[in-house]
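# Commentary on secondary and tertiary structure
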Amino acid sequence: MTAGKVVWVAFVAGWYLLRRPFDRRARRASLTIDRRKGADTIRLAISATGLGVIPLIYVATGQPRSASYPASPLLFVAGICAAVTALVLFRLTHKALGQMWSVSLQLKQDHKLITTGIYKYLRHPMYTAFWLMALTQALLLPNYVAGLAGVVGFGFLFFSRIGPEEAMMEEAFGEEYHRYRARTWRVLPYLY
């Protein structure tokens, strides 16, 4: 196994370990809005395929070999930097959200709009962390299919979900969300 594959596996394990406690707590919370069924389930499945299934097949089997290219030390180092940044940001988002976190388009009973921590600057830093996760995958896995599958899979989820998510937040929090939206960046400071 190449060093990039080893780091990618460690990165995914770290991601899982960071998320697991929040996922367990979130499953116990009562929901007032749950829009996970239907389109969001499909979006999540496509994203999971690109960020998990396809790269895992590559790591385990080396397939598709025809899409592989020589590993680059520069890309490897950049991949490690992206992985560390993604995990730090991922942790900050979960810490700030606490009980309000959910994997899908859901709002908890007594849901509050989180505007502190990393959310003071970005409305969707979890998406920023996932973009960095997709970038990490592309940098660490020297295979055009497995490396870029995360960008495609997560990109589909992001571009098809960001509008409905912001509409749900606007519906739930009204003017408070309008004010919050006016003073924050969506995903990337100074860009988007």
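What comes next is a walk through the structure. (Residues numbered from 1 in each chain as written. Predicted model: local features only at pLDDT ≥ 70, side-chain atom pairs only at ≥ 80, totals over all residues. Heavy atoms only, no water.)

A pair of packed helices is characterised by two quantities: the angle between their axes and the separation of those axes. Two elements in contact, helix α2 (residues 39-61) and helix α5 (residues 144-183), have axes whose closest approach is 8 Å; the angle formed by their N-to-C orientations is 170°. By the criterion of interaxial angle, the relationship of α2 to α5 is roughly antiparallel. Along its contact with α2, which presents Asp 40, Arg 43, Leu 44, Ile 46, Ser 47, Gly 50, Leu 51, Ile 54, Pro 55 and Tyr 58, the element α5 presents Val 145, Ala 146, Ala 149, Gly 150, Gly 153, Phe 154, Phe 156, Leu 157, Ser 160 and Arg 161. Per-class residue counts for the contact of α2 with α5 are 12 nonpolar, five polar and three charged. (Axes fitted to C-alpha atoms, helices over the stretch in contact; angles between N-to-C directions. Helix = DSSP H or I, 4+ residues; strand = E, 2+ residues; numbered from the N terminus. Parallel < 35°, antiparallel > 145°, perpendicular 65-115°, else oblique. Contact = heavy atoms within 4.5 Å. Nonpolar A, V, L, I, M, F, W, Y, C, P; charged D, E, K, R; others polar.)

Turning our eyes to something else, we now look at the pattern of salt bridges. Close approach of charged atoms allows side chains with opposite charge to pair. The final tally for this structure, using the stated rule, is six salt bridges. In this structure, Arg 181 and Glu 166 form a salt bridge, with 3.4 Å as the shortest nitrogen-oxygen distance. A relative accessible area of 2% places Glu 166 in the buried class. Ionic pairing is found between Arg 186 and Glu 166, a salt bridge with its closest N-O pair at 3.2 Å. Here the residue Arg 186 occupies a position in the segment after α5, and Glu 166 occupies one in helix α5, the gap between them amounting to 20 residues. As far as burial versus exposure is concerned, Arg 186 and Glu 166 are alike and both buried. One continuous salt-bridge network, built from bridges that share partners, spans Arg 123, Glu 166, Glu 170, Arg 181 and Arg 186. (Salt bridge = Lys/Arg side-chain N within 4 Å of Asp/Glu carboxyl O. Buried < 20%, exposed > 50% of the residue type's maximum accessible area, 1.4 Å probe, protein only.)

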